[in-house]
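Observations on the three-dimensional arrangement
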Amino acid sequence: MNRQTQQTRLPATQPPARLDEAQAAELLACMKTGFPDCQWQTALDVVRHTGVVNATQLQKITNLEFVPLKRLVERWNKRCSGFPPILRKLDRSISRPGYAGRPSAIYMLDEGGAGLLRALGHDDADASSLSTDLTILHALAMSDVHLVAQACGVDITTDATLAFDGKRVLRPDHVVSISGGKKLIFEVEQAASGHTMPRIVESLGNRQDFFSRPESQSYVREVRMLVHLSRGKEFDKTLGIWRKARMSLRDQQLKFSLLAVPLLEFLDQPDWDGTGQLEWVDVFGQTSLGDSSEPQQDENIETPEKLLAYGTSSQDKAVLQALWQQFKLTAKEDESRDPEPGFFELIGLIYAASFHSSQTVFRQSAYPKTSIYLLRQYLEMHPKLYDELRKAMHYGKGTMRWNQVTIIHRMQAVINTFLRYHGWRSDGWLKVVAHTRRWEDGLGAMFDIRVVIETGRLLMEDDNDETPTNDDTAYYETALHWVFFGLFEYSAELGLGKPEYW
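Summary of the structure given here. What you see is a predicted model; the values in this text were computed from it and never measured.

1. Notes on helix α3 (residues 55-62)
- Among the residues of α3, Ala 55, Gln 57, Leu 58, Ile 61 and Thr 62 are the ones counted as buried. One face of α3 carries all of its buried residues, which in axial projection span an arc of 155 degrees.
- Here the buried face of α3 lies against α2 (39-50), β1 (52-54), α4 (66-79), β2 (87-89), β3 (106-109) and α6 (133-152).
- Sitting at the amino-terminal end of α3 is Asn 54, which places a side-chain oxygen 3.2 Å from the backbone nitrogen of Thr 56.
- Of the residues one or two after α3, Asn 63 is the one with positive phi, at around 60 degrees.

This is the structure:
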């Protein structure tokens, strides 16, 4: 499959027309007549919570082998002739962390299935709109947990909102009822990295607020985190990111504990109330909820007041503090000149400062002051790189006759200077090319930069790491594009001086 980066505009796709009540009732009668065993209804009852299910999960529901299952889904959809399908097969495969072998086929809830669910009384059912690898992997993991809970006879609520403090809501992945009338929150998490820090900080802040309110009295004061990774270096790194995010709440006594275990270990040996044999990791290492001792930082890092000035709320400042700590730990002055995955992590962190997904669309559309600030801080930490970029950017100033060819050549020279300093070249498995934008490239600057990470292995520290998803590589492509383009677009703010050809 040819992936496209965010520099290329994707064609819009129209969702199927929503079935009205009469059409949904007609389809329901048709399915009950054609398939009186109602296996399709059992499948829909699972997929309605997440919008996604894979072939392995459907096999557990139907007790069928793969080939008969595939034919059964085809028959369900054929029965919907004249209506949208019940389940739509995803047009690509996605490898799941920790799972060996060929990835299972993935099915998305389509409007036919959503219409059936509404006819069965689930008025809020809609066709799945998930599109990225990360969101689909997350939904599949949630489906796994829901199925295991059903098999264990556990009362579970999946992907439902909890109202608190007036108009605020918390939306945990799962809430499980345990003994004593108490409830316990379970969350599914993917691999964490520096650029996901803002979302994690926001998540911790929301849970801290929830457990500080009276609405949380019936809940156990802990969150059980099922990490979609195998136990090992990547798992430990992810928990380390959560510990750093914890520092955003360092002025507060934490109102809940966070316990983590690999998802696959939990699915093999479900432990709903903490009395099982699983080795849960106490992420924040507290001896008790009343222990107010703070986790130790890796080093004493004071967040600059200028950076904090970009925050307009206490939540913004908490995110900026966490980003700054991670930035200072990542942007080492003695950075290796050999190509390494840490290069992408650093670039992703700089980009995330202004464009992290937890921000509103207005904030993401604003002038990227925070990312510019971090990029300048990084350049000032590396004076040799700073000097080399200035020379490459302004070489021939006042004597060069600029045209499309010479401008592209100069842009490529600046790009190559930045990459060479970090041990990379622009024409290997990482491709970074300055070019003139064509009509089919869509809206954008006349002179642009194309970034392609040919293999996700560039993001892996060693062969034992989990393979990055297409979403991961697409994110870092976008982050790299912003940094390289920013060297020219924000050259004055970065202290590089405005080039005469820009």
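2. Description of the environment of Asp 165
- Relative to the helices and strands, Asp 165 is located in the loop between β5 (162-164) and β6 (168-170).
- Asp 165 gets classed as partly exposed once you look at its relative accessible area, which sits at 36%.
- Contacts of Asp 165, omitting those with residues within four sequence positions, involve Arg 213 and Glu 215.
- Within the structure, Asp 165 has its side chain in polar contact with the side chain of Arg 213 (distance 3.3 Å).

3. Description of a positive patch on the surface
- A cluster of basic side chains, namely Lys 70, Arg 71, Lys 89 and Arg 102, defines a positive patch on the protein surface.
- Note that Arg 71 resides in helix α4.
- Residue class for Arg 71 comes out exposed when judged on its relative accessible area of 54%.

4. Here's the deal with the packing of aromatic side chains
- Scanning the entire structure with this criterion turns up 25 aromatic pairs.
- Relative to Phe 210, the ring of Phe 164 lies with its centre 5.5 Å away and its plane at 85 degrees, an arrangement referred to as edge-to-face. Note that Phe 164 is positioned in strand β5 and Phe 210 in helix α7 (residues 197-210), a separation of 46 residues in sequence.
- Here Phe 210 falls in the buried class, since its relative accessible area comes to 1%.
- Among the aromatic residues, ring-to-ring pairing joins Phe 343, Phe 344, Tyr 351, Phe 355, Tyr 367, Phe 418, Trp 424, Tyr 475, Tyr 476, Trp 482, Phe 484 and Tyr 490 into one connected group.

5. Some words on the pairing of strand β8 (residues 183-189)
- The buried fraction of β8 is high, at six of seven residues.
- Examined bridge by bridge, strand β7 (residues 174-177) and β8 share four bridges and lie antiparallel to one another. Residue pairing across strands places Val 175 opposite Ile 185, the latter belonging to β8.
- Where β7 folds back onto β8 in an antiparallel hairpin, the turn is made up of five residues, including Gly 180, whose phi is positive at roughly 80 degrees.
- Relative to strand β9 (residues 219-227), β8 is paired through six bridges, and the arrangement is parallel. Counterpart to Val 188 in the pairing with β9 is Leu 226.
- As for the winding sense of the linkage, the β-α-β connection from β8 through α7 to β9 is right-handed.

Basis of the calculations
- Residues numbered from 1 in each chain as written.
- Predicted model: local features only at pLDDT ≥ 70, side-chain atom pairs only at ≥ 80, totals over all residues.
- Heavy atoms only, no water.
- Buried < 20%, exposed > 50% of the residue type's maximum accessible area, 1.4 Å probe, protein only.
- Helix = DSSP H or I, 4+ residues; strand = E, 2+ residues; numbered from the N terminus.
- Arc of directions from axis to C-beta.
- Contact = heavy atoms within 4.5 Å.
- Polar contact = N/O pair within 3.5 Å; in protein donor to acceptor, adjacent residues only side chain to side chain.
- Patch = residues over 30% accessible without salt bridge, like charges linked within 9 Å, V, L, I, M, F, W, Y side chains within 5 Å.
- Areas by Shrake-Rupley, 256 points an atom, 1.4 Å probe, with all protein chains shown as cover.
- Salt bridge = Lys/Arg side-chain N within 4 Å of Asp/Glu carboxyl O.
- Lys, Arg positive; Asp, Glu negative; His and termini not counted.
- Charge placed at Lys NZ, Arg CZ, Asp CG, Glu CD.
- Phe/Tyr/Trp six-rings, centres within 6.5 Å; stacked < 30°, edge-to-face > 60°.
- Pairing = 2+ DSSP bridges.
- Right-handed = clockwise from strand over helix to strand, strands pointing away.

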